[in-house]
Every structure is written in structure tokens, then in C-alpha cells.
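# Working through the structure, step by step
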Amino acid sequence: MFNSSLKLLDLPPAPRNWVPLWMSLAVFLIGVMIWHLGLSFGSVIVGIGNIFEYLSRYLNPDFTDGPRYLILMLQTLAIALWGTVLAFLTSFLLAPLGANNLSPHPLIYQLIRELFNFMRAMPDLMLALILVIILGLGPTPGILALAIHTSGFLGKFFAESMERVNVGIYEGLRSTGANISQVVIFAAVPSILPEIVGYTLYIFDRNVRMASVLGLVGAGGIGLELHDNLRLFRYNQSAALILVILVSIVLIDYLSSWIRRRIS
């Protein structure tokens, strides 16, 4: 029998609705941004209209040279692929030296880490521009620019993954007399293999996008063709090139996601 003296517990207060506050804050920040840039709401509205007018010029893509566009896209994919391959080989060889628990000496560890930092700090677009001046137009500057820049990322990723491996795995192999290369091949790599594949696929996916952009500075591929058509105001051909690039990037994104799911 229930005790009639017991009182019902009070219901908790209803959660506060923060949406109006956040929307007001967003409107305020947009107003501050427009004021700080010296714009007016009228010019912003006119600018939006100009954007839609400009985009309307790309509504009739011309695929008359479609086969040539596909060949250029394949060249762009080749630039991204070989840039990723060179970045993978470079980072795979240097990463153990940049891992704190594998590097043979603290000075070597610090030098390799600073090298990775330097590579990441050098924008691939700037590298491609410099290499085009040195090597001339073509895919080679694009490949080298992507390889140098992304080696810094992959090297850092691989080194930090190797540092997270259980130290007992390394010590167990070292106790048998294994050297650093054997420890890397038989302990480090098997322990971080899914991460190696995932990071490499991510870098390849990223390099495909950047390879299209590097063509704008003469580093070969479909980007160079897109740059020439935009400069000559050939909007229909440019629209076709943009669609080829977008479809290729989406397909590669789905492919890399499928491979990552299969591995995981």
C-alpha cells in the first residue's frame, strides 16, 4: 500500500531555447563583418545577383572535346597518384627516424620532425610555381610539388602512429636481436597498417583535388586546360571541364571510402 504522505517529485525545468540567441548573434556578426569590410547591404545584394548571373554562363557545358578532357583528367589522376607514391615512399622511410620510440638518436628525431614541419609549411601551389620556372611546363613540377608537401603530412601521421604502438611489442622484438628496420617491418607496420592505408588514401584523395588546381600554374593536367578556357571566356567548355573534375573527385571519394570500410 502506497504511503499517501509521499509527494510527487517536481518535474525538471524545460530546457532553454538558445536558437534565437544564436541567430541574433550570427546576424550581429554578419553585420559587423560587412561594416568592417566597408560594404553596404545594397552592394551585398547586388553582388549576390552578379554571382548568379556569372554562374548562369556555365549552364550549357560543351562536351565536343570530351575524349580529350578525359585524357587530361587521367593525366591529372596520374600526377596525383605519382605524387602520392613519392610522398608515401619518402614518409615511410623517414617516419621511423621521426618516431620518439624508434629513432636511434634524439638529434635525428628532432631533425626529421623539423623536416616534416618544413615540408608541410611549403604550399604545394607555391612549390609548383617554383618548379615550373625551374623545370618548365608539364606534369613533373606538379608531381614533385605534391610529393614534397604531402610527405610532411604522411611522415607526421606515420611517425605519431608508430609512437602509439605498445612499447612491449617493440621491446619483445628487440630482445631477439632485431635491428630498427626489422622492428619497423615486423612490429610497427603490422600494428598500424589500417592507419597507413587510411592516411595514404586520404592524401591521394586530397592530391587529386590539388592536381587539378596545380594545372592553373602550368603543372599539367586538366587544370591547365581549364585555365586557358577561363582566360578566353569559353564558359561552355569550362563548364564541361569542371563537371569532369567534379565527377572524378566524387568517384574517387566513394572508392577510397569503400576501401577504408573493407580494411576496417
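Since we're looking at a predicted model, the values are computed, not measured. (Residues numbered from 1 in each chain as written. Predicted model: local features only at pLDDT ≥ 70, side-chain atom pairs only at ≥ 80, totals over all residues. Heavy atoms only, no water.)

### Focus on the packing of helix α6 (residues 139–163) against helix α8 (residues 180–214)
Direction vectors running N to C along α6 and α8 enclose 150 degrees, while the axes themselves pass 9 Å from each other. The orientation of α6 relative to α8 falls into the category roughly antiparallel. Once α6 is placed against α8, the crossing between them reads as right-handed. Partitioning the contact of α6 with α8 into residue classes produces 16 nonpolar, 6 polar and 2 charged. (Axes fitted to C-alpha atoms, helices over the stretch in contact; angles between N-to-C directions. Helix = DSSP H or I, 4+ residues; strand = E, 2+ residues; numbered from the N terminus. Parallel < 35°, antiparallel > 145°, perpendicular 65-115°, else oblique. Left-handed = near helix turned anticlockwise from the far one by under 90°. Nonpolar A, V, L, I, M, F, W, Y, C, P; charged D, E, K, R; others polar.)

### Focus on the pattern of salt bridges
Note that side chains of opposite charge can pair when their charged atoms are close. By the definition in use, this model includes 10 salt bridges. Salt-bridge contacts for E53 lead to R57; the nearest nitrogen and oxygen are separated by 3.1 Å. Overall, E53 belongs to the partly exposed group, its relative accessible area being 40%. R68 is the salt-bridge partner of D65, the closest N and O atoms lying 3.8 Å from each other. A relative accessible area of 37% places R68 in the partly exposed class. A cluster of three or more residues bridged by salt bridges with shared partners is formed by D65, R68 and E225. (Salt bridge = Lys/Arg side-chain N within 4 Å of Asp/Glu carboxyl O. Buried < 20%, exposed > 50% of the residue type's maximum accessible area, 1.4 Å probe, protein only.)

### Some details on the UniProt feature "transmembrane region" (unreviewed entry) in the protein
Per the UniProt entry, the sites bearing "transmembrane region" (unreviewed entry) are residues 20–48, 69–95, 125–148, 183–204 and 239–259 in this numbering. Measuring from the first to the last C-alpha atom of residues 183–204 gives 27 Å, for a span that is 100% helix and 0% strand. From the first C-alpha to the last, residues 239–259 spans 30 Å; its make-up is 100% helix and 0% strand. (UniProt positions renumbered as here; feature names shortened; annotations may be inferred.)

### Observations concerning the packing of helix α3 (residues 66–94) against helix α10 (residues 235–263)
Running from N to C, α3 and α10 cross one another at 45 degrees; their axes reach a closest spacing of 10 Å. Accordingly, the angle class assigned to the pair α3 and α10 is oblique. Two packed elements cross with a definite hand, and for α3 against α10 that hand is right-handed. Residues Y69, L70, M73 and L77 of α3 form the contact with α10, whose own contacting residues are Q237, A240, L241, V244, I245, S248 and I252. Classifying every residue of the contact of α3 with α10 by side-chain character gives 9 nonpolar, 2 polar and no charged. (Contact = heavy atoms within 4.5 Å.)

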